[in-house]
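Structural description and commentary
Given next are the chains, with one letter for each unit.
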Amino acid sequence: MSMRLIVTLFFLVGSSFAPIRSAKSKFPYQQAGLTERQAAAHLISRFTFGATPNQVDEVVSMGLEKWFDRQLNGEEDDAEVINRLKGYNALALSNAQVVVQFPRGPLLQKMALADGYLTKDSLAQLDKPSIKEKLKEYRKQKGLREEKELYTQFIGQKIIRATYGRNQLHEVLTDFWFNHFNVSLTKGQCAQFIPAYERDVIRPHVTGHFYDLLIATAQSPAMLMYLDNAASMGEAENIDMTSSTPVRTRITRRGRIIQRMPLPNRPTQPKKKTAQGLNENYAREIMELHTLGVEGGYTQQDVTEAARILTGWTVYPMKDGNFEGLRKKLDETGENRLANNGFVHEGDFLFAANRHDSKEKNVLSRKFVAGGEYKEGVELLKMLAAHPSTAKFISKKIAVRFVSDNPPQSLIDKMADTFIKQHGDIKKVLLAMVNAPEFWHTEVLRSKTKSPFEYAISTVRALNAEVTEPTSLNQWITRMGQQLYSYAAPTGFPDRGQYWINTGALLTRMNFGLAVTSQRLKGVKIDLNGLNHQHEPESAEAALPVYAQLILPERDLESTLKRLMPLVTNRDVINKVEIAARQKNSGGYSDTLSHAEPRGQKTMAKKRWQDAPSQFNNSPMLAQVVGIIIGSPEFQRR
Amino acid sequence: MISRRAFLKAGSLTMFGIGVGGLPQFVARAASFHKQTRLYKKNKILVCIFQRGAMDGLMAVTPFTDPYLKTARPNLFMNADSQGALVDLDGKFGLHPSFKNFIPLFQSKQLAIVHGMGSPNTTRSHFDAQDYMESGTPFNKGTNSGWLNRAVGLMGHDGSPFRAVSLTSSLPRSLYGDNPSIAISNLADFGLQLRGAKTGNLMAQTFEELYDQTSDDLLKETGKESFEAMKLLQKSDIKNYKPANNANYPASPLGRALKQIAQLIKMEVGLEVAFAESGGWDTHFNQGTDKGIFGRNAEDLCHSITAFWNDLGSWQDDVTLMTMTEFGRTVKQNGTGGTDHGRASCMFILGHDVNGGKVHGTVQPLAVENLADGRDLQVTTDFRSIFSEVADKHLLVNDDRVLFPDWSGEKIGVMI
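In this text the structure is predicted, and so the values were computed from the model without any measurement.

1. Focus: the pattern of salt bridges
In this structure the tally under the stated criterion is 49 salt bridges over all chains. Between A:Arg70 and A:Glu75 there is a salt bridge; the shortest N-O distance is 3.4 Å. Assessed through its relative accessible area of 34%, A:Glu75 is described here as partly exposed. The partner of B:Asp406 in a salt bridge is B:Arg384, with the nearest N and O atoms 3.4 Å apart. Residue B:Asp406 is located in the segment after helix H14 (400–403), and its partner B:Arg384 is located in helix H13 (residues 383–395); the two are separated by 22 residues in the primary sequence.

The structure is reproduced here in structure tokens:
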């Protein structure tokens with residue numbers, strides 16, 4: 001057998017048996033002076049919601065590169081998460097199901113009126129609380145559910161997934177991309193669509209191509225409502241009347257055309273004139289926040305023209321009481337006929353050709369010839385996704401999340417270069433990042449400040465907690481300054497440590513640590529002795545280094561131990577922290593939360609809050625020591 | 001509300017009185033009413049309200065005689081004639097009806113309006129425009145400090161940890177910088193917030209520094225002088241505060257913020273700059289006319305400010321209040337009953353040294369050829385001109401090289 005043949009065979013065998021791996025060589029951590037274990041800890045800190053006990057060992061024994069590949073590909077078995085989410089029966093619902101099963105106030109009232117449960121007269125006579133009470137009764141009678149229950153389940157699943165998901169990188173990326181394409185529960189019109197937004201729009205694409213995310217968000221009801229594009233339409237004189245002419249025919253159920261009549265909101269209807277024309281909100285944010293970045297080189301003219309291109313991009317009307325007439329007409333018209341007239345209906349998305357500005361446009365010096373219809377919107381998104389400014393902007397944002405608040409420009413350049421060459425392939429960009437020496441530089445290690453969510457989740461992960469009820473965690477996360485899914489502005493939560501650092505928040509974090517370890521969080525159980533294989537240290541002084549090592553693996557703990565020793569040995573510290581935090585919080589939170597309280601926190605809690613006393617008897621000494629480690633500055637960092 | 005010193009004095013005298021068998025009531029009363037020695041020098045105070053989201057200046061203060069406006073906004077335009085909802089200010093500008101409580105203040109020349117105010121930077125990004133306005137450097141992103149923080153520095157009064165206070169949950173860009181500033185959404189939280197603030201600016205600190213201070217404070221009671229003010233706050237009955245003159249604050253975030261600013265002012269704890277926010281001005285969709293989203297926001301703003309002003313009573317002499325917003329909105333209504341991002345807007349300035357009762361600035365006829373990019377109200381007054389004049393005349397801070405380093409323009413006489 002010739003040498004060449006052997007080599008060829010080797011390659012054949014190699015390539016056919018080994019799964020395709022994108023990482024070819026070892027990560028360059030040695031150049032930065034890191035040991036394999038330190039590198040593993042860094043990797044875990046960047047691509048998970050926090051290390052679990054012994055996770056460093058696991059990653060080292062699997063091999064860092066292999067672990068990362070498996071994480072990128074989402075190859076781990078998530079049966080545990082699925083099992084833990086069994087009772088969450090709202091999570092699989094479609095948008096169309098959600099709007100009818102969890103009717104919002106206005107729809108509920110409409111239904112109650114239609115059913116004769118309320119009358120116009122009774123509405124006029126009753127005061128607001130009585131109407132509310134009536135509607136509540138009606139909802140019960142009809143077997144309908146409260147909107148806030150949906151959000152309780154939705155927030156709960158985020159906490160459960162982040163805590164127990166084995167494909168941690170996918171959880172982290174889901175959080176990252178959601179925040180990049182932020183929508184908010186504080187805006188009522190889009191709130192109901194947000195659970196499906198995360199599930200169907202963000203999650204499936206987190207390691208795909210950037211364009212996939214861009215178009216999926218552009219066509220999602222949540223985004224279309226959040227940034228108003230659903231209502232944007234072309235100026236009357238710019239709408240091509242012929243494109244939609246046949247839609248004006250009304251068709252009987254049997255398919256017979258009986259008369260020609262316009263669709264609602266058609267430009268030919270003079271009385272609807274008020275609701276006609278452009279809304280450039282989304283077109284601006286798609287450039288400023290989603291793709292090019294504010295310095296990406298676009299002008300006001302580009303914003304307006306992009307808005308014109310996106311006219312007609314709207315939500316297919318659901319049975320939520322809005323656009324009822326339009327929905328009926330569309331349903332009656334039939335898919336084929338809609339398609340023949342330039343309409344596009346995919347899932348909840350509708351391109352309404354009769355609302356689209358069909359004249360010529362120019363965006364970023366590219367001409368979109370007249371009559372481009374739906375396709376020109378797709379072309380616009382493709383152009384934006386592939387733009388060099390987007391490559392830079394997105395690469396920087398990824399680097400800020402995964403490397404440091406001020407990532408080195410050389411790293412961003414490498415990532416942006418990959419972004420362009422690989423057509424926005426997110427996996428390739430992430431690989432370029434971890435294969436760059438800058439990712440492993442000692443100055444970026446533990447340089448990120450955990451957000452309240454990251455802090456809370458990393459705590460329960462580090463302590464191997466049994467979270468049966470995520471509500472109490474969510475309440476603490478809110479108290480620490482991060483109301484999940486409720487950042488009102490389209491920027492999403494700022495990703496820089498400064499935003500989270502202030503005295504009030506720090507005290508709340510310290511108090512959180514002590515609250516968790518002394519089992520004051522309902523539905524969160526911790527076995528502190530179990531963490532140390534049932535060896536209970538004799539004193540606080542002895543416990544501190546042991547548990548610090550367990551909770552903060554592969555870190556230089558000298559200064560931390562010095563800092564914490566006086567606190568762990570002070571008998572009164574738990575009380576002091578609690579009193580201090582309580583003083584700080586008196587009256588404060590009700591104020592800050594009242595306008596946008598996360599809906600329905602208590603609904604699920606009621607069931608299990610009774611079983612608060614712990615099954616584990618953690619000693620108060622140990623609870624204090626571990627609580628103080630959790631509240632320490634070192635544990636605020638990742 | 002009485003200050004802590006007064007309280008202590010009254011208290012000790014009473015005890016003394018009991019001890020030695022009775023002190024004439026009038027002596028005790030005189031002691032408690034005596035103008036007590038203040039902890040801090042009584043300063044001039046500037047209160048700023050940032051209207052986030054870009055207020056539609058043309059709806060707030062409408063040039064109602066402009067024929068172009070009516071055409072551009074068939075569904076948003078209101079008139080000031082007998083049928084119209086606007087309040088005629090001067091035959092040219094009409095005030096939105098939700099602002100009607102401003103009228104007495106305008107008539108008594110305490111309230112001035114500046115129209116056509118904005119930034120020379122044409123960005124229509126909220127986030128950038130707010131940054132530029134708050135840093136005071138509209139062409140320089142790298143500025144680390146906010147203009148109000150620099151103003152506090154220029155005033156140069158040391159001692160009080162309360163010199164710059166923002167009644168918001170996080171520190172606004174306007175207050176970033178080297179001079180101590182505090183962000184707090186509720187006065188009751190002040191005590192602990194201060195523990196971290198006492199040595200410097202919160203923004204500059206790391207978690208480690210904060211932690212060491214906080215744990216220090218927790219472990220041993222520090223009896224430093226700077227805690228005097230904090231203790232005063234803790235003793236004050238913040239929750240049961242009763243505004244003076246039956247001032248009725250809206251139960252909104254802005255109403256609560258201004259109420260607490262009034263409390264701080266009356267406690268005389270050395271406040272020089274206060275900051276609050278008003279939200280919901282990004283009215284892309286169905287902004288309404290006299291009623292509706294804009295009307296509700298405007299009413300909240302107006303009622304909060306007028307309640308604050310009533311509540312201040314004799315403290316009004318020391319206070320100037322100024323509103324600001326990052327840009328204005330399109331002259332034309334958009335396709336969804338709202339307005340998109342534009343250029344110039346307007347602002348309100350309230351105080352006894354304000355050249356009030358006037359609409360300052362220039363609003364040209366809104367013909368397309370006069371508009372910025374053919375669509376927006378032109379910026380005819382640089383926001384820095386106003387900010388600088390207010391700081392100069394009210395706070396007596398006139399070093400524009402520090403306050404607005406790359407600006408050298410005219411002041412238009414909004415202050416006396």
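2. What to know about the environment of B:Asp56
All names here are of chain B. Note on placement: Asp 56 falls in the loop between strand S1 (45–51) and helix H3 (57–60). Residue classification places Asp 56 among the buried residues on the basis of a relative accessible area of 0%. For the pair formed by Asp 56 and Trp 281, sequence separation is 225 residues and the distance between their alpha carbons is 7.5 Å. Apart from residues lying up to four places away in sequence, Asp 56 is in contact with Arg 73, Gln 287, Phe 294, Arg 329, Thr 339 and Ser 345.

3. Remarks on the packing of aromatic side chains
All names here are of chain A. What the rule picks out here adds up to 35 aromatic pairs over all chains. An angle of 80° between the planes, with centres 5.9 Å apart, marks the rings of Phe 27 and Phe 68 as edge-to-face. Pair noted here: Phe 27 is in the loop between helix H1 (3–17) and helix H2 (36–47) and Phe 68 is in helix H4 (residues 64–73), with a separation of 41 residues, a long-range link. Comparing Phe 27 with Phe 68 shows no difference in burial state: the two are buried. Centroid distance Phe 154 to Tyr 485: 4.1 Å. Interplanar angle 25°. Geometry classified as stacked. Remark: Tyr 485 occurs in the loop between helix H26 (471–479) and helix H27 (497–500) and Phe 154 occurs in helix H10 (residues 147–164); sequence separation between them is 331 residues. Of the aromatic side chains, those joined through ring pairs into one cluster are Phe 27, Tyr 29, Phe 47, Phe 68, Phe 176, Trp 177, Phe 181, Phe 210, Phe 402, Phe 419, Phe 439 and Trp 440. One cation-aromatic arrangement involves Arg 84 over Tyr 164; the distance from NZ or CZ to the ring centre is 3.5 Å. Looking at Lys 134, its charged tip hangs above the ring of Tyr 117, at a distance of 5.4 Å from the centre.

4. Let's talk about the pairing of strand S9 (residues 319–325) of chain B
Residue and element names in this part refer to chain B. Across the seven residues that make up S9, a large majority, seven, are buried. Neither face of S9 is exposed, since Val 319, Leu 321, Thr 323 and Thr 325 on one face and Thr 320, Met 322 and Met 324 on the opposite face are all buried. Across seven bridges, S1 lies against S9 in parallel orientation. Looking at the pairing, Gln 51 lines up with Thr 325 of S9.

5. Re the nonpolar core
General note: in soluble globular proteins, nonpolar side chains tend to be found buried as a group. Of all hydrophobic cores here, the largest spans 167 residues; its most connected members are A:Phe47, A:Phe68, A:Trp177, A:Trp313, A:Ile398, A:Met433 and A:Ile551. The leading source of residues in this core is H10(A), at eight residues. Summarising the domain contributions, this core has at least three residues from each of domain 1 (225–291 + 293–375) and domain 2 (452–636) of chain A. In this structure A:Ile551 touches A:Ala462, A:Leu463, A:Val626, A:Ile629, A:Ile630 and A:Phe635, once residues within four positions along its chain are discounted. Judged by nonpolar contacts, the second largest core, of 70 residues, contains B:Ile45, B:Ile49, B:Ala307 and B:Val363.

6. With respect to helix H17 (residues 281–290) of chain A
When you tally the buried positions in H17(A), you get ten out of ten residues, the bulk of the element. Taken together, the buried positions of H17(A) are occupied by A:Asn281, A:Tyr282, A:Ala283, A:Arg284, A:Glu285, A:Ile286, A:Met287, A:Glu288, A:Leu289 and A:His290.

7. Looking at the sheet that holds strand S5 (residues 349–351) of chain A
Residues and elements named next belong to chain A. If you walk across this open sheet you meet the three strands as S3-S5-S4, and the pairing is antiparallel. Here the strands that pair on one side only, and so sit at the sheet edges, are strand S3 (313–315) and strand S4 (344–346). Each strand of the sheet is rotated relative to its neighbour by a mean of 25°, with strand direction disregarded. In the sheet, S3 pairs with S5 via three bridges, with the strands oriented antiparallel. Bridging from a neighbouring strand, Val 315 pairs with Phe 349 of S5. Strands in contact with helix H21 (residues 373–386) are S3, S4 and S5; relative to S3, the strand with the most contacts, it is inclined by about 100°.

8. Focus: unusual backbone geometry
Note: most peptide bonds trans; most residues except glycine with negative phi. One non-glycine residue, B:Ala54, lies in positive phi territory at about 80°. Among the structural elements, B:Ala54 can be located in the loop between S1 and H3.

9. Details of the packing of helix H14 (residues 210–218) of chain A against H21(A)
Helix-helix packing is described using two parameters, namely the angle between the two axes and the distance between the axes. Residue and element names in this part refer to chain A. As a packed pair, H14 and H21 sit with axes 9 Å apart at the nearest point and diverge in direction by 140°. Taken as axis vectors, H14 and H21 run oblique relative to one another. Pair H14 / H21 crosses with right-handed handedness. Between H14, through Phe 210, Tyr 211, Leu 214, Ile 215 and Ala 218, and H21, the contact on the second element is made entirely by Tyr 374, Val 378, Leu 381, Lys 382, Leu 384 and Ala 385. Each residue belonging to the contact of H14 with H21 can be placed in one class, and the counts come to ten nonpolar, no polar and one charged.

Calculation notes
Residues numbered from 1 in each chain as written. Chains lettered and ligands numbered in written order. Predicted model: local features only at pLDDT ≥ 70, side-chain atom pairs only at ≥ 80, totals over all residues. Heavy atoms only, no water. Salt bridge = Lys/Arg side-chain N within 4 Å of Asp/Glu carboxyl O. Buried < 20%, exposed > 50% of the residue type's maximum accessible area, 1.4 Å probe, protein only. Helix = DSSP H or I, 4+ residues; strand = E, 2+ residues; numbered from the N terminus. Contact = heavy atoms within 4.5 Å. Phe/Tyr/Trp six-rings, centres within 6.5 Å; stacked < 30°, edge-to-face > 60°. Lys NZ or Arg CZ within 6 Å of the ring centre and 35° of its normal. Pairing = 2+ DSSP bridges. Core = buried A, V, L, I, M, F, W, Y, C linked by side-chain atoms within 4.5 Å. Domains from an automatic or database assignment. Axes fitted to C-alpha atoms, helices over the stretch in contact; angles between N-to-C directions. Parallel < 35°, antiparallel > 145°, perpendicular 65-115°, else oblique. Left-handed = near helix turned anticlockwise from the far one by under 90°. Nonpolar A, V, L, I, M, F, W, Y, C, P; charged D, E, K, R; others polar.

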